[in-house]
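# Coordinate inspection notes
The residues making up each chain are set out below.
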Protein chains: 2
Amino acid sequence: MKQLFFTPGPAELYFTVETHVKNALNEHIPSVSHRSKAFEGIYREAVQNLKDLLELPDNYHIFFTGSATEIWERILENCVESQSYHYVNGAFSKRFYETGLQLKKNPLHQKAADGTCSSVNTSDIPDTTELIVFTQNETSTGAAQPLSDIYTAREAHPGKLIAVDAVSSLPYIDIDYHKVDTVFFSVQKGFGLPAGLGVWLVNDRCLEKADQLATKGINIGTYHSLPSLLAKAQKNQTPETPNVLGIYLLAKVAGDMLKKGIGRIRQESEYKAAVLYNLIEHHARFSPFVKEAKYRSSTVIVAETVVSSSEIIQKLLERNLVIGTGYGTYKNQHIRIANFPTHSREKVEMLADYLQAM
Amino acid sequence: MKQLFFTPGPAELYFTVETHVKNALNEHIPSVSHRSKAFEGIYREAVQNLKDLLELPDNYHIFFTGSATEIWERILENCVESQSYHYVNGAFSKRFYETGLQLKKNPLHQKAADGTCSSVNTSDIPDTTELIVFTQNETSTGAAQPLSDIYTAREAHPGKLIAVDAVSSLPYIDIDYHKVDTVFFSVQKGFGLPAGLGVWLVNDRCLEKADQLATKGINIGTYHSLPSLLAKAQKNQTPETPNVLGIYLLAKVAGDMLKKGIGRIRQESEYKAAVLYNLIEHHARFSPFVKEAKYRSSTVIVAETVVSSSEIIQKLLERNLVIGTGYGTYKNQHIRIANFPTHSREKVEMLADYLQAM
């Protein structure tokens, strides 16, 4: 058996990617000019397939960046003048908050212990806050903020913008995009693509905010400011020479997922998550790191291990199954298992069987 | 015959790329964690091969970004407090200058007519300037600033930083890196790789400048500030999940070029440039857009056409040869031909023969 990656990103490629790469090479996609009609067609296909797959409202735009990390910076530059408010519950939400510190956007934060999420007390968020940030799926700990919490924040603060980091939960997570303003992900997780592309979903309210900031003389960046991205997107282009191959592969994989049906992808994801959580809840050597079921991610399953996790990981490697270590200080105490659309039920059941026997 | 791209970027892939892509897929490179030893090995190989190929001094570092366009922004954020000075002679050098305007870095500029370069009068550059910017190879017009002009600026202003945009001239151009401070390129031109990766060469003086700006409380960016890039590079890593496949392919192609020898690549480039310039100088329907030979690029050859260039381009397309249109307002009046390392002498001679017969 070839190695099979259950790492939470970069992850196993979506099972159609290799074929699409070969087609791309045959069709000279990497040599195509990013100012050509051919590229505009690729761009249009990627955007349309994503809009269909995620059921994006008409007031949303899709922009491409180099990474999701870049999007942290761009959201804060374009949507915040003087204060953002961050729900922090792990390494990635903390870095988003720290990006706000670096940009001197006076970010506030509400910190939850690792492996859990803050309950959203909307009166904690000051009137002066312009943007509320949720890391919906903390890849470092496997804690996921329930969408209902995010919608609660919207109802209490309809005038503020809401940003959702869904890096490792899309396309699984079924977001009501009317109740948030900007959402982003990176392609190397749920979409099973080679890394090097961030995807930024942005509604008109964010664009208006960026225009307001620019009018006030505030630095909103250059080629990847929202007005610059929008101007090119309206021509199905990007400000810079982008990762053309990455956009092509995203178009194709989003198309494959559309054919399979997002409902079926979500249903299968929930079944596979149940298999994995059931295993780690009832196994003597594992327990879920996220104790409260309502905060458990369906796409990144994190287990505490009784023995050093490197022992588990090594045993699985001998069977060509690659799972993730714990993140940061949890490196040797956790295993992290990605449950992405490319992971079939059969493969997840096989992994569960091996873990069961340990 | 398969289509052959002489477009000035994205361009024809380096002739070994397809094999490297297949190997990458077999070796699961896109699934490898960017925090793993395996990735660190890829990173180290890319950096070492580039350092060897370009003969970089020890005080240089190599960083990766999403694009060369990103590097315009990052150089200005990290190396300029209050004034940059730009030699502008085409669309790309103009955009670099405009990036300075957007970032409120009070850029000054010296404008040359399209198709030529400014002679460097070092007394024009004010004492208050911190960074002098040269677009060594203007991809829009085929005008190249002689390196001796750049070194003249260095001798007159040893205390200032010098940035060189060599986007479409590396690895051909033989820069004395001791006489400049930062140089950058994008991989989809001379290196013949899929787009989606900028390569930023930076010496210690730039790093010191970024530290000084940060100490003063000036915004130098976040994950892609020079201190952040350096901290990760010292571990052979990147701040974000990067274009891992792109870095892998760069490592391999730089290795292939090392085996061929940079001397031979440069020699062949000059031979092929001579073939193309000789043709367009003596052909009734073409003439070099860059009139003064000393300003002619060896890697991007631009010809004015008597008839609409679309007619020429269309005729070559029928023979599966793809050349570039003119840039911007020159779209129908120019052809642009890339002369990159992947273009063999035989292929360039074939293209020249077809052009000759027109």
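Residues numbered from 1 in each chain as written. Chains lettered and ligands numbered in written order. Predicted model: local features only at pLDDT ≥ 70, side-chain atom pairs only at ≥ 80, totals over all residues.

## Overview of the overall build of chain A
So the rule is basically this: Think of it this way: any DSSP run of H or I at least four residues long counts as a helix, any run of E at least two long counts as a strand, and we number them from the N terminus. Note that the radius of gyration is over C-alpha atoms, with the globule rule given as 2.2 Å times the number of residues to the power 0.38. Exposure criterion: with C-beta atoms placed from backbone coordinates, a residue whose C-beta has 20 or more other C-beta atoms within 10 Å is buried, one with 12 or fewer is exposed, and one in between is partly exposed.
A tally of helices and strands in chain A yields 11 helices and 15 strands. Relative to a compact globule of 358 residues, whose C-alpha radius of gyration would be 21 Å, chain A shows 20 Å and is just as compact. Along the first, second and third principal axes, the C-alpha atoms of chain A reach 60 × 55 × 30 Å. When each of the 358 residues of chain A is scored for burial, the buried share is 55%.

## Brief notes about the domain arrangement of chain A
All names here are of chain A. Rules: The split into domains, and so the bounds of each, comes from an automatic or database assignment of domains. We call two residues in contact when their backbone-placed C-beta atoms lie within 7 Å. Throughout, the ten residues Ala, Val, Leu, Ile, Met, Phe, Trp, Tyr, Cys and Pro are labelled nonpolar, Asp, Glu, Lys and Arg are labelled charged, and all others, Gly among them, are labelled polar.
Assigned domains of chain A: these are domain 1 (4–12 + 262–356) and domain 2 (17–259). Look at where the C-alpha atoms of domain 1 and domain 2 centre, and you get two points 26 Å apart. Taken together, the contact between domain 1 and domain 2 spans 28 residues of the former and 24 residues of the latter. Of the residues forming the side of domain 1 that touches domain 2, the biggest block, 4 residues, is contributed by helix α9 (residues 262–281). Each residue belonging to the side of domain 1 that touches domain 2 can be placed in one class, and the counts come to 14 nonpolar, 7 polar and 7 charged.

## Comments concerning helix α1 (residues 17–26) of chain A
Residue and element names in this part refer to chain A. What counts is decided by this rule: Directions are taken from the helix axis to each C-beta atom, and the arc is the one they span.
Listed as buried for α1 are V17, H20, V21 and A24. Looking straight down α1, one finds its buried side chains confined to an arc of 105°; they lie on one side. Away from its buried face by more than 90 degrees, α1 exposes T19 and N26. Remark: H28 follows α1 within two positions and exhibits a positive phi of approximately 60°.

## Focus: the interface of chain A and chain B
Size of an interface, as often reported, equals the accessible area lost when the parts are brought together. Between chain A and chain B, the residue contacts involve 42 residues of the former and 42 residues of the latter. For the side of chain A that touches chain B, the secondary structure elements donating two or more residues are α1, α3 (68–79), α4 (91–102) and α8 (244–260) of chain A. For the side of chain A that touches chain B, the per-class residue count stands at 16 nonpolar, 20 polar and 6 charged.

## Regarding the sheet that holds strand β11 (residues 286–288) of chain A
Residues and elements named next belong to chain A. Test applied: Between any two strands, pairing holds if DSSP finds at least two bridges. Lines fitted to C-alpha atoms define the axes here, with helix axes fitted over just the stretch in contact, and angles between the N-to-C directions of these axes take values from 0 to 180 degrees.
Strands sit in the order β11-β12-β15-β14 across an open sheet of 4 strands; the sheet is antiparallel. Of all the strands in the sheet, just β11 and β14 (324–325) have a single pairing partner and so form its edges. Strand direction decides the pairing type here: β11 and strand β12 (residues 300–305), joined by 3 bridges, are antiparallel. Considered in β12, the bridge of P288 is made with A303. Contacting β11, β12 and β15 (334–338), α9 crosses the sheet at an angle of about 125° to β11. Lying on the sheet, helix α10 (residues 309–317) is in contact with β12, β14 and β15; it crosses β15 at an angle near 40°.

## Description of the environment of H34 of chain A
Within the secondary structure, H34 of chain A sits in the loop between α1 and α2 (37–54). Given 23 C-beta atoms within a 10 Å radius, H34 of chain A is considered buried. In this structure the C-alpha to C-alpha distance between H34 of chain A and D211 of chain A, which are 177 residues apart in sequence, comes to 26 Å. The residues touching H34 of chain A, leaving out its near neighbours within four places in the chain, are F39, Q237, T238, T241, P242 and V244 of chain A together with P10 of chain B.

## A short note on the packing of α9 of chain A against helix α11 (residues 345–356) of chain A
How two helices pack is summed up by the angle between their axes together with the distance between the axes. All names here are of chain A. To keep it simple, the criterion reads: The scheme is simple: roughly parallel for angles under 35 degrees, roughly antiparallel for over 145, roughly perpendicular for 65 to 115, oblique for anything else.
It is at 10 Å that the axes of α9 and α11 come closest, and there the two elements cross at 0°. Put simply, α9 runs roughly parallel to α11. Mapping the contact onto sequence places E268, Y271, K272, V275, L276 and L279 in α9 and R345, V348, E349, A352, L355 and Q356 in α11. Broken down by class, the residue content of the contact of α9 with α11 amounts to 7 nonpolar, 1 polar and 4 charged.

## Comments concerning unusual backbone geometry
Geometrically, the link from G9 of chain A to P10 of chain A is a cis peptide bond, its omega value of -10° lying close to zero. Structurally, P10 of chain A can be placed in the loop between β1 (4–5) and α1. At the junction of L170 of chain B and P171 of chain B, the peptide bond is cis and its omega measures out at 5° in the coordinates. Notably, N106 of chain A is not glycine yet its phi reads approximately 50°, a positive angle.

## Let's talk about the environment of S269 of chain A
All names here are of chain A. Positionally, S269 belongs in helix α9. S269 sits in the buried class, given 23 other C-beta atoms within 10 Å. Counting along the chain gives 70 residues from S269 to N339, while the straight-line C-alpha distance between them is 6.7 Å. Sequence-distant contacts of S269, that is, excluding residues within four places in its chain, are made with Y172, S298, T299, N339 and P341.

## Describing the sheet that holds strand β4 (residues 108–111) of chain B
All names here are of chain B. The 7 strands lie next to each other as β2-β10-β9-β8-β5-β3-β4, forming an open sheet whose pairing is mixed. Every other strand in the sheet has two partners, leaving β2 (60–65) and β4 as the edge strands with one partner each. Direction aside, neighbouring strands of the sheet carry axes that sit 20° apart on average. Looking at chain direction, strand β5 (residues 131–135) and strand β8 (residues 161–165) are connected through 5 bridges and run parallel. Bridge pairing links F134 to V164 in β8.

## Observations concerning the relation of the copies chain A and chain B
How we decide: Copy-to-copy alignment: least squares on C-alpha atoms, limited to residues at pLDDT 70 or above in both.
Note on the identical chains: chain A maps onto chain B by a rotation of 180° and an axial translation of 0.0 Å, with an RMSD of 0.0 Å. What the rotation and shift describe, once combined, is the action of a two-fold rotation axis. By C-alpha distance to the rotation axis, the residue of chain A lying nearest is G66 of chain A, at 2.4 Å. A share of 100% of the interface residues of chain A reappears at the interface of chain B, consistent with the copies meeting face to face through the same patch.

## Re the nonpolar core
What counts is decided by this rule: Think of a nonpolar core as buried Ala, Val, Leu, Ile, Met, Phe, Trp, Tyr and Cys residues chained together by C-beta atoms that fall within 7 Å.
By size, the foremost hydrophobic cluster in this structure holds 154 residues, and its most contacted members are I247 and L250 of chain A together with I247 and L250 of chain B. Those residues within four positions of I247 of chain B in sequence are excluded, and the remaining contacts are I42, Y43, A46, F64, L197 and P242 of chain B.

## A few points about the pairing of strand β10 (residues 198–203) of chain B
All names here are of chain B. Across the 6 residues of β10, 6 count as buried, placing the element largely inside the fold. Bridge count for β2 against β10 is 6 bridges, and the pairing is antiparallel. Residue pairing for β10: I62 is matched across the bridge by L201.

## Quick look at the pairing of strand β3 (residues 84–88) of chain A
Residues and elements named next belong to chain A. Burial within β3 is extensive, with 5 of its 5 residues counted as buried. Side chains of β3 alternate between two faces, with S84, H86 and V88 and Y85 and Y87 buried alike. Sheet topology places β3 next to strand β5 (residues 131–135); 4 bridges connect them, and they run parallel. Its bridge partner being in β5, Y87 is matched across the sheet by F134. Bridge count between β3 and strand β4 (residues 108–111): 4 bridges; the pairing is parallel.

## Quick word on α2 of chain A
Residue and element names in this part refer to chain A. Heads up, the condition is: Helix span, expected: 1.5 Å multiplied by one less than the number of residues in the helix.
For α2, with 18 residues, the first-to-last C-alpha span of 26 Å sits near the 26 Å given by 1.5 Å per residue. Residues F39, I42, Y43, A46, V47, L50, L53 and L54 constitute the buried set of α2. Around the axis of α2, the buried residues are gathered within 135° of arc, so they sit on the same side. Along α2, exposed side chains directed more than 90 degrees from the buried face belong to K37 and R44.

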